[in-house]
There are 2 protein chains.
Amino acid sequence: MTEGPAHQSAESDTTRERLLESAERLFAERGYDATSVREITQAAHCNVASVNYHFGGKDNLYLQVFQRRLDALRRIRTGRLEQALEEAGDDADVELVLSTFTASFMEPLIDESEGRLIMELMAREMLDPHLPRHVLFETMIDPVRRSLASALRQVAPGLDQVSAELCVHSIVGQLVHVIHHARLRHGPDAPSWPAEELERMARHITRFSTAGVLAVAGGDGR
Amino acid sequence: MTEGPAHQSAESDTTRERLLESAERLFAERGYDATSVREITQAAHCNVASVNYHFGGKDNLYLQVFQRRLDALRRIRTGRLEQALEEAGDDADVELVLSTFTASFMEPLIDESEGRLIMELMAREMLDPHLPRHVLFETMIDPVRRSLASALRQVAPGLDQVSAELCVHSIVGQLVHVIHHARLRHGPDAPSWPAEELERMARHITRFSTAGVLAVAGGDGR
DNA sequence: GTGAGTATAAAACGAATGTTTTACTCCTGC
DNA sequence: GCAGGAGTAAAACATTCGTTTTATACTCAC
């Protein structure tokens, strides 16, 4: 009576999995330092010592939270681009690349909370690193940047490597800004964000950046 | 001998001012939670109790660090835009607005460390708020956004209010991304960042965004 | 000179942190 | 039946945190 054994969604999972889920949510909402091991274990309905038993410490639990999601997220980002370029063949253009990338970037923010949390975690980690220096870059940021730069150069032949990287910066900067903006508008603990607003942002960023890339690729006159 | 009375730059200032400077630097480097009152007072060469004596607490010290800089920074951002529009008169165009705003946004990152620190602080505060909700928005973000949106609509008459705000989002997103990118490249404790690299970024963002704004303002065909 | 007020310093306080120790309950293999 | 490992829980651990208290110089008005 006093202890409901299965009245919550993920109650039947392993303690280890419950810890990962609670930690992911709390780290994303409050950051590494502001989240205590006691809060995590309380949310996971288990003892304080569980974190050290299953993960060896708070820092390694934080690392495992990232490693569980990063590979899948990187494959989505890079895979969608390659797939779209392949399907379009010779019809591929800058707008296709940008709408595809923008969509793959924003999808996790809409449909499921899983992806939104790892985006929040990455944004925090960029500003306040608590992971080994290479983790985020080697398994996520650098491959995605290279993938987008390569795709842009395929559809905009006038784009040299340096300009392509600058355009990647402009596009990613706009998209990351969406995350910050959406959190400030709807709060950090909202389960998901309104799809129509995000889609309006996606259409704008695609249009804005398509013109930007073409201008940079085509020299001053076009 | 053991106590150098004036061997440091700001040694002769008041304890209150030394606290503000140490706090600004440490909060910018490590964030609010990761910076302890003891670290701040040690860096300011004074006692732990000084923070509570002069500011009433860590949270109010943090607030005062912001209030000391925000007004000046807002005036730079908005003032430069009005000044440039006034001087150019009828020759004002989108590129002028964007190069002016980009320059005013990036200048604090180059010439002096004072401005760079408040930029870092604002970036952290956006992700992990520790100020009263309204401070950052009412005295900084909203006025600057309105100023840039207004300037854009003056030089791009086809731009409606909603599209102008979306363009502001795109431009600010790129510029904020520069700060994050520069810190990751050159470390959070670098006194300033290489001017030539920032100027290259500024030129790119201006060109990229000019084309973006014109495309959004001009409808699909132009 | 003296007392009120200001500024600084040293020490102590209670609370919260991550981690470790210890004990208890299962379950499994034999 | 029982040794032994895995999982969990309660308690204690040492540290660190922001803050408060107490005491000590210094200044200036009277």
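Residues numbered from 1 in each chain as written. Chains lettered and ligands numbered in written order. Predicted model: local features only at pLDDT ≥ 70, side-chain atom pairs only at ≥ 80, totals over all residues. Heavy atoms only, no water.

Observations concerning the protein's contact with DNA strand D
Thinking step 1. Around DNA strand D sit 16 residues, and of these Thr15 and His54 of chain A together with Val37, Arg38 and Lys58 of chain B come closest.
Thinking step 2. Taking all atoms of DNA strand D within 4 Å of the protein, the share assigned to sugar and phosphate is 53%.
Thinking step 3. At 2.7 Å from a phosphate oxygen of DNA strand D is found a side-chain nitrogen or oxygen belonging to histidine 54 of chain A.
Thinking step 4. Threonine 35 of chain B places a main-chain nitrogen or oxygen 3.4 Å from a phosphate oxygen of DNA strand D.
Thinking step 5. Looking at the surface near DNA strand D, the elements that each hand over two or more residues are helix H3 (49–55) of chain A together with helix H2 (37–43) and helix H3 (49–55) of chain B.
Thinking step 6. Looking at which element gives the most residues to the surface near DNA strand D, the answer is H3 of chain A, with three residues.
Thinking step 7. The residue makeup of the surface near DNA strand D, split by class, is six nonpolar, seven polar and three charged. (Near = heavy atom within 4 Å. Polar contact = N/O pair within 3.5 Å; in protein donor to acceptor, adjacent residues only side chain to side chain. Helix = DSSP H or I, 4+ residues; strand = E, 2+ residues; numbered from the N terminus. Nonpolar A, V, L, I, M, F, W, Y, C, P; charged D, E, K, R; others polar.)

Notes on the nonpolar core
Thinking step 1. Judged by nonpolar contacts, the single largest core of 139 residues is most densely connected at Leu152 and Val213 of chain A together with Leu152 and Val213 of chain B.
Thinking step 2. Those residues within four positions of valine 213 of chain A in sequence are excluded, and the remaining contacts are Val94, Leu98, Leu152, Ala156, Leu159, Cys167 and Ile171 of chain A together with Phe208 of chain B. (Core = buried A, V, L, I, M, F, W, Y, C linked by side-chain atoms within 4.5 Å. Buried < 20%, exposed > 50% of the residue type's maximum accessible area, 1.4 Å probe, protein only. Contact = heavy atoms within 4.5 Å.)

Overview of the domain arrangement of chain A
Residues and elements named next belong to chain A.
Thinking step 1. Partitioning chain A into domains gives domain 1 (1–56) and domain 2 (66–217).
Thinking step 2. Computed from C-alpha atoms alone, the centre-to-centre distance between domain 1 and domain 2 is 30 Å.
Thinking step 3. When domain 1 packs against domain 2, the two sides together hide about 920 Å² of surface, and 58% of this comes from carbon and sulfur.
Thinking step 4. Our count for the domain 1 to domain 2 interface comes out at two salt bridges.
Thinking step 5. Within the side of domain 1 that touches domain 2, the residues separate by chemical class into four nonpolar, one polar and six charged. (Domains from an automatic or database assignment. Buried area = accessible area lost by both parts, 1.4 Å probe. Salt bridge = Lys/Arg side-chain N within 4 Å of Asp/Glu carboxyl O.)

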